[in-house]
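# Notes for the structure review
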Amino acid sequence: MKVKVSSFAGTDTGEVELNDEVFGLDPRADILHRVVTWQLEKRRATARGTRERSDVARSGKKLGRQKGGGVARHGDRRAPVFIGGGKAHGARVRDFNPGLNKKIRALGLKMALSSHAKAGSLIVLEGFEVAKTKELKGHFAGLNTGKRTLVIDGEAGEGFRAGRNLPGVNLLPAVGANVYDIIKADTLVLTRAAVEKLEARFNG
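Keep in mind it's a predicted model, so treat the numbers as computed, not measured.

## Regarding the overall build of the protein chain
- The helix and strand tally for the protein chain stands at seven helices and six strands.
- Reading the protein chain from its N terminus to its C terminus gives the helix and strand order β-β-α-α-α-β-α-β-α-β-α-β-α.
- In terms of overall dimensions, the protein chain has C-alpha extents of about 95 × 40 × 25 Å along its principal axes.
- When the 204 residues of the protein chain are sorted by exposure, 37% land in the buried category.
- Excluding contacts between residues fewer than 6 apart, the proportion of contacts in the protein chain whose partners are at least 24 apart in sequence is 68%.
- Accessible area for the protein chain stands at about 12600 Å²; split by element, carbon and sulfur atoms hold 50% of it.
- Taking the average place of the 37 positive charges on the side chains of the protein chain and the average place of its 22 negative ones, the gap between the two points comes to 19 Å.

Encoded structure:
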């Protein structure tokens, strides 16, 4: 698959041959759903576990007789009403780290890239060397990108600093490319260096 390579000035600078094994697959909703679900689950942080009544090391002896004492009928000092007692309905450690086969994860990323290539929402740039935010905003307006634009470059260079304040623009190095951010974007912008690194990532 051949795609035109353009510059921020709007001029064509040649073509790049995209690997069909990376950018030419037919996207499958079930694969993308599995990868996105796995990715969002990995983001969740578990709570720190608290000690409940059964976890506290205190005496289990009954404080006093059941009737006639004139006080509440407590069973032991581990009750949550006492200082040093267990936490009532405390946070418990939960596992939000599901597993997913590496082949499925790689296939999902390929299908996410292919979905933009097939939809025509993929733009390949010669480079991403911009120093001013205002200048970068004008370049994106000239490229007719959507409301949500994802830019992937080979490395996180100076252009990332200029674009971090632009609303609706997300910038990632090639090593950080992921299915969720790619699918969420209306337009995917890749540099020539990013294309080379992404293809090398799967072929290596």
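Moving on from the model shown.
## Digging into helix 7 (residues 192-203)
- Between its terminal C-alpha atoms helix 7 stretches 17 Å, which fits the 16 Å expected from 12 residues at 1.5 Å a residue.
- Considered for burial, the residues of helix 7 that qualify are A194, V195, L198, E199 and F202. Buried residues of helix 7, seen end-on, are gathered within an arc of 125° and therefore sit on one face of the element. Facing away from the buried side of helix 7 by more than 90 degrees, the exposed set consists of E196 and N203.
- Buried residues along helix 7 sit in contact with strand 2 (12-17), helix 1 (20-23), helix 3 (102-119), strand 3 (122-125), strand 4 (149-153) and strand 6 (187-191).

## Describing the domain arrangement of the protein chain
- Taken as a whole, the protein chain is organised into domain 1 (2-44 + 97-203) and domain 2 (46-95).
- Placing the centre of domain 1 and that of domain 2 at their C-alpha centroids yields a distance of 54 Å.

## Brief notes about the packing of aromatic side chains
- In total, this model carries zero aromatic pairs according to the counting rule given.
- Positioned over the ring face of F82 is R77, at 4.9 Å from the centre of the ring.

## As for the side chain of T191
- Locating T191 in the fold gives a position in strand 6.
- Take T191: its relative accessible area is 1%, and that puts it in the buried class.
- Apart from the residues within four sequence positions on either side, T191 is in contact with V124, L125, G127, F128, I152, D153 and G154.

## A word on unusual backbone geometry
- The phi dihedral of H89 falls on the positive side, at around 55°, and the residue is not glycine.
- As for its position among the elements, H89 is in the loop between helix 2 (29-43) and helix 3.

## Quick word on the sheet that holds strand 1 (residues 2-6)
- In spatial order, the strands read 2-1-3-6-4-5; together these six strands make up an open sheet with mixed pairing. Of all strands in the sheet, those with a lone pairing partner are strand 2 and strand 5 (169-173), marking the two edges. Neighbour-to-neighbour, the strand axes of the sheet open up by a mean angle of 30°, direction not taken into account.

## Brief notes about the packing of helix 3 against helix 7
- Remark: helix 3 packs on helix 7, axes separated minimally by 11 Å, with the N-to-C direction vectors making an angle of 150°. On the basis of their axis angle, the class for helix 3 and helix 7 is roughly antiparallel. Handedness of the helix 3/helix 7 crossing: left-handed. For the pair formed by helix 3 and helix 7, the contact residues are A106, L109, K110 and L113 on the first element and L198, R201 and F202 on the second.
- Class assignment of the residues belonging to the contact of helix 3 with helix 7 gives a composition of five nonpolar, no polar and two charged.

## Here we look at the pattern of salt bridges
- Using the criterion set out here, one finds 10 salt bridges in the structure.
- A salt bridge links R28 to D30, with the nearest nitrogen and oxygen atoms 2.6 Å apart.
- Relative accessible area serves as the criterion here: at 39%, D30 is assigned to the partly exposed category.
- A salt bridge links D55 to R92, with the shortest nitrogen-to-oxygen separation between them at 3.3 Å. On the criterion of sequence distance, the pair formed by D55 in the loop between helix 2 and helix 3 and R92 in the loop between helix 2 and helix 3 is long-range, its members being 37 residues apart.
- The class of D55 is partly exposed, set by a relative accessible area of 36%.
- Here the salt bridges do not stand alone but share partners, grouping R53, D76 and R78 into one network.

Criteria and thresholds
- Residues numbered from 1 in each chain as written.
- Predicted model: local features only at pLDDT ≥ 70, side-chain atom pairs only at ≥ 80, totals over all residues.
- Heavy atoms only, no water.
- Helix = DSSP H or I, 4+ residues; strand = E, 2+ residues; numbered from the N terminus.
- Buried < 20%, exposed > 50% of the residue type's maximum accessible area, 1.4 Å probe, protein only.
- Contact = heavy atoms within 4.5 Å.
- Areas by Shrake-Rupley, 256 points an atom, 1.4 Å probe, with all protein chains shown as cover.
- Lys, Arg positive; Asp, Glu negative; His and termini not counted.
- Charge placed at Lys NZ, Arg CZ, Asp CG, Glu CD.
- Expected span 1.5 Å × (residues − 1).
- Arc of directions from axis to C-beta.
- Domains from an automatic or database assignment.
- Phe/Tyr/Trp six-rings, centres within 6.5 Å; stacked < 30°, edge-to-face > 60°.
- Lys NZ or Arg CZ within 6 Å of the ring centre and 35° of its normal.
- Pairing = 2+ DSSP bridges.
- Axes fitted to C-alpha atoms, helices over the stretch in contact; angles between N-to-C directions.
- Parallel < 35°, antiparallel > 145°, perpendicular 65-115°, else oblique.
- Left-handed = near helix turned anticlockwise from the far one by under 90°.
- Nonpolar A, V, L, I, M, F, W, Y, C, P; charged D, E, K, R; others polar.
- Salt bridge = Lys/Arg side-chain N within 4 Å of Asp/Glu carboxyl O.

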